[in-house]
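Working through the structure, step by step
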Amino acid sequence: MATFLYKLGRFAFRRRHFVALIWVALLTLAGVGAASAPAAGSSSFSIPGTEAQKAFDLLEQRFPGMSADGATARVVFKAPSGEKMTDAANKATVEKTVKELSDGSEVVSAADPFKANAVSKDGTIAYASVKYKVSGMELEDASKDALNEAAQNARDAGLTVEIGGDALTAVPETGATEVIGIAIAAVVLVITFGSLLAAGLPLLTALIGVGIGVSTITALANALDLGSTTSTLAMMIGLAVGIDYALFIVSRYRAELAEGREREDAAGRAVGTAGSAVVFAGLTVVIALVGLSVVNIPMLTKMGVAAAGTVAIAVLIALTMIPALLGYAGRKVQPAGRKSKLLGGGRAARKAASGAPAKPNMGTRWASFVVRRPVAILLLGVVGLGAAALPATSLELGLPDDGSQPTSTTQRRAYDLLSEGFGPGFNGPLMVVVDAESSDSPKAAVTKVTDEIKGLKDVVTVTPATYNKAGDTATITVIPDSKPSSVTTEDLVHGIRDAGTEIKADTDAQVLVTGSTAMNIDFSQKMNDALLPYLTLVVGLAFLLLILVFRSIMVPLKAAVGFLLSVMAALGAVVAVFQWGWLSGLLGVEETGPIMSMMPIFMVGVVFGLAMDYEVFLVTRMREAYVHGETPSQAIVTGFKHGARVVTAAAVIMMAVFSGFIGSSESMIKMIGFGLAIAVFFDAFVVRMAIVPAVLALLGKKAWWLPKWLDRALPNVDVEGEGLRTADGSRDTDPDEDRELVRA
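Position labels on residues start from 1 in each chain and follow its written sequence. Side-chain atom pairs in this predicted model are given and counted only at pLDDT of 80 or more, local residue features only at pLDDT of at least 70, and totals for whole chains, interfaces and linings cover all residues. Side-chain figures throughout are based on the complete set of non-hydrogen atoms in the structure, without hydrogens or water.

1. Some remarks on the packing of helix α18 (residues 554-579) against helix α19 (residues 599-627)
A pair of packed helices can be characterised by two numbers: the angle between their axes and the separation between those axes. For the pair α18 and α19, interaxial distance at closest approach is 9 Å and the crossing angle is 135°. Considered as vectors, α18 and α19 are oriented oblique to each other. The handedness of the crossing between α18 and α19 comes out as right-handed. The residues of α19 that touch α18, namely those facing Val 555, Lys 558, Ala 559, Phe 563, Val 567, Ala 570, Leu 571 and Val 574, are Met 599, Pro 600, Met 603, Val 604, Val 607, Phe 608, Met 612, Glu 615 and Val 619. In this analysis, axes come from line fits to C-alpha atoms, helices being fitted only over the stretch in contact, and the angle between any two N-to-C directions falls in the range 0 to 180 degrees. Per the convention used, a helix needs a DSSP run of H or I reaching at least four residues, while a strand needs a run of E reaching at least two, with both numbered from the N terminus. Orientation is classified from the angle alone, with under 35 degrees giving roughly parallel, over 145 giving roughly antiparallel, 65 to 115 giving roughly perpendicular, and any other angle giving oblique. The handedness criterion is simple: a crossing whose near helix is rotated anticlockwise from the far helix by less than a right angle is left-handed, and one whose near helix is rotated clockwise is right-handed. Pairs of residues are marked as contacts when any of their non-hydrogen atoms sit within 4.5 Å.

Structural data, given as structure tokens:
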């Protein structure tokens, strides 16, 4: 592989106009596609194989006019102090508001609270349910404006009015912190390279890669049913890995220049060595993201595949666009150890000319310290991560609803008013679907279901059944006594399902529970069930890949164990902030609550891929030194001498990029941004910088042991670039070689 990538790097350096033209053309094509594509609606949410999804599908079939996926709004009214909603003036205001709400072209229905029995027992609170033909993301601005205007008119008449539901759903905003994250990345790159031009190359290529990836996702969003979260996630991961991959290749290029190589040869060798690490690091990230498809939740699969595509683009750009831009830069990108005059290069040059001995860099000094005291460092790192992971033992999973919104939003205030007037369970009603098509007496079966549910604990209200035209299917709404995210409500869902099993045996009628609360419960269960198979698949495939890269058993094993430590510590930090409320004010977390159900499995996938980046980049330099004759301890120090500064910069950049998304208005993006940023911190600075060298120092030569039969069976991918050492790397490429690469 190193030889092929070496040729590719030299080809891109030499034919830079051709390479740059291809990438600019792809960016333009993707941009035009995104600009001309129809606006995407909200991504449909389905959980195949669950009871809640089966019930939803049955409703679509048996109640075709329900517009089950249409947006809904609950306009909640509260009378002034000392008054009732049934007072003549207040009642007239509500009826006028309902009439205004029903006039929209996208409105299916607007229910009058006084006719729909939607007034609280004390008469102070009422609500009007508005049903739309399209989803919240597809709802036209005119419909949203009409909804807000009708509510404001009622407020002007003296009522307190708030709006809940998904009709006011807006595209999430990331805020200015995303730009701040990129600015921090730029500063770190300048400090690392000592050159504004060299620092700009990784940023430029990362932005091109993300531009192509996100534009492609936008262009295909409507056709493939991709939600706004998909492009945000792709941008987050694509920026982070794009900058990092380019950083490693530019750093290696400058190191090759420092050894006296010609620029074209240095570009080829940088791509042949650091590029090999980029390929395998990218593969681990892609495996982890695509592996999310094993969960069998379409939304999660699409998110993973889209982000994986952006990572693949980042790898290809790093291997081709970076050497092409280095060709354009020429002598403006200086060898390692030299800085531009603007950043103190003149002082460094004078110091070198004076003949003063070079001081060991921080990476060398740290690695030497760890090699001398491996046991203490190992214990300190493991105990520290274990302490950070402790909050994860109280992890509570769920999906966000209006109750998790900030109190400043009208959705949250509507949620609180409904809880006040009708009880906490009113915000999470359960819809029971009775499929009595096979029953001899459908109405008798539905009556039995209703009676059974009324007899269960934690049930406040059971509405009369609503039948379809054929009379063989009915829906029953059940209002629990507890809030939607409570364990008591979850127990009630399971209780109804257990009762349904007995009813089916007696009447042949099938009882299914659905609704947003039941969907959340089934989603969380599916996430829990899929975690172990997913972890086994992803870690297993990456373990085999790392055996191929490092030709060792212990190094991949150590990498996997270290990953588990960092991801558990990161989950603990997420629980401490988003569930317990630690530092919530500092991070802009206005409401604490259960952690999103997909967070653990998503963090496992993404963090594993990113963790392997640092493992590959850092340990390949150690492996390279070891196979070239150094002792295991010397190889550790050499790996840190050449790789620690770059890995540190890469980690800080990735943390800055992820932290930029903490400013998002969507809780899911905020939580993912924080979780990934803290996971990178734990993995890069505690696991890879401390635990990894300590374990390798304790293992010695055993760290690089591989059974002879396995060594013979594995193909030699030559990540260390041994083939480049034995070959005459200074030779010019043959024109036939260029044509061969073009065909490839």
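2. Quick notes on the sheet that holds strand β3 (residues 125-132)
Read across the open sheet, the 4 strands follow the order β2-β3-β1-β4; overall the sheet is antiparallel. Because the sheet does not close on itself, it has two edges, and the strands there are β2 (107-110) and β4 (160-165). Taken pair by pair, the neighbouring strands of this sheet meet at an average axis angle of 20°, ignoring direction. Judged from the 3 bridges that link them, β2 and β3 form a sheet pairing that is antiparallel. The residue of β3 that forms the bridge with Ser 109 is Lys 131. Here a strand pair is declared whenever DSSP counts at least two bridges between the two strands.

3. A closer look at a nonpolar patch on the surface
Only residues above 30% relative accessible area that lack a salt bridge enter a patch, with like-charged residues linked at up to 9 Å and the nonpolar side chains Val, Leu, Ile, Met, Phe, Trp and Tyr linked at up to 5 Å. Areas reported as accessible are Shrake-Rupley estimates using a 1.4 Å probe. Residue values count occlusion only from the protein chains shown. One side-chain nitrogen of Lys or Arg within 4 Å of one carboxyl oxygen of Asp or Glu is enough to make a salt bridge. Judged by side-chain polarity, Val 294, Leu 537, Leu 541 and Leu 544 come together as a nonpolar surface patch covering roughly 330 Å² of accessible area. Considering the arrangement of structural elements, one finds Leu 544 in helix α17 (residues 516-550). Only protein chains enter the accessibility calculation, which uses a 1.4 Å probe; a residue is then buried when its area is under 20% of its type maximum, exposed when over 50%, and partly exposed in between. Judged by relative accessible area, Leu 544 falls into the exposed class, the value being 54%.

4. Considering helix α3 (residues 51-62)
An ideal rise of 1.5 Å per residue puts 16 Å on 12 residues; α3 measures up with 16 Å between its terminal C-alpha atoms. Those residues of α3 lying buried are Ala 52, Gln 53, Ala 55, Leu 58, Leu 59 and Arg 62. To estimate how far a helix should extend, the number of its residues minus one is multiplied by 1.5 Å.

5. Thoughts on the pairing of strand β9 (residues 473-480)
The buried fraction of β9 amounts to 7 of the 8 residues, a majority that puts the element mostly inside the structure. As defined by bridge partners, strand β6 (residues 430-435) adjoins β9 across 6 bridges and the pair is classed as antiparallel. Residue pairing in the sheet places Leu 430 in a bridge with Val 478 of β9. Hairpin connection between strand β8 (residues 466-467) and β9: a loop of 5 residues separates the two successive antiparallel strands, and Gly 471 in this loop has a positive phi of roughly 75°.

6. Things to note about helix α14 (residues 410-422)
In this model, α14 (13 residues) spans 18 Å end to end at C-alpha, consistent with the 18 Å of a helix rising 1.5 Å per residue. Residues of α14 that are buried: Thr 410, Gln 411, Arg 412, Ala 414, Tyr 415, Leu 417, Leu 418, Gly 421 and Phe 422. Residues of α14 that are buried make contact with β1 (72-78), β3, α5 (141-156) and β4.

7. Notes on the packing of aromatic side chains
Pairs were defined over the aromatic rings of Phe, Tyr and Trp, the Trp ring being its six-membered one, requiring ring centres within 6.5 Å. Orientation was assigned from the angle between planes: stacked under 30 degrees, edge-to-face over 60, tilted for the rest. Applying the stated criterion across every chain, the model contains 10 aromatic pairs. Considering the side-chain rings of Tyr 626 and Trp 704, the 5.6 Å spacing of their centres and the 20° angle between planes classify their relative orientation as stacked. Of this pair, Tyr 626 sits in helix α19 while Trp 704 sits in the loop between α21 (667-699) and α22 (708-713); the two residues are 78 residues apart in sequence, bridging distant segments of the chain. Here Tyr 626 falls in the partly exposed class, since its relative accessible area comes to 22%. Three or more aromatic residues joined by ring pairs make a cluster, and in this case those are Tyr 127, Phe 422 and Phe 426. Whether a charge lies above a ring is judged from NZ of Lys or CZ of Arg, which has to be within 6 Å of the ring centre and within 35 degrees of the ring normal. It is Lys 91 that lies over the ring of Phe 114; its NZ or CZ is 5.3 Å from the centre. The ring of Tyr 467 has Lys 443 lying over it, and the distance from NZ or CZ to the ring centre is 5.9 Å.

8. Digging into the environment of Val 717
Looking at the secondary structure, you find Val 717 in the loop between α22 and α23 (722-726). For the pair Val 717 and Arg 551, spaced 166 residues apart in sequence, the C-alpha to C-alpha distance is 9.8 Å. If we skip the residues at most four places from it in the chain, Val 717 touches Met 1, Ala 2, Phe 280 and Leu 548.

9. Describing the nonpolar core
Residue types Ala, Val, Leu, Ile, Met, Phe, Trp, Tyr and Cys, when buried and joined through side-chain atoms within 4.5 Å, form a set referred to as a nonpolar core. Ranked by size, the top nonpolar core spans 185 residues in total, and within it Tyr 245, Ile 249, Tyr 253, Leu 300, Val 432, Met 603 and Phe 658 carry the most contacts. The contact partners of Ile 249, leaving out residues within four places of it in the chain, are Ala 270, Val 271, Ala 274, Gly 275, Val 278, Ala 318, Leu 319 and Ile 322. Membership of the second largest hydrophobic core comes to 25 residues, among which are Met 85, Val 94, Val 98 and Leu 159.

10. Some words on the environment of Thr 320
Inspection of the secondary structure assignment puts Thr 320 in helix α10 (residues 298-329). Residues Thr 320 and Val 271 lie 49 residues apart in sequence; the distance between their C-alpha atoms is 8.5 Å. Filtering out sequence-adjacent residues up to four positions away, Thr 320 remains in contact with Leu 8, Ala 12, Val 19 and Trp 23.

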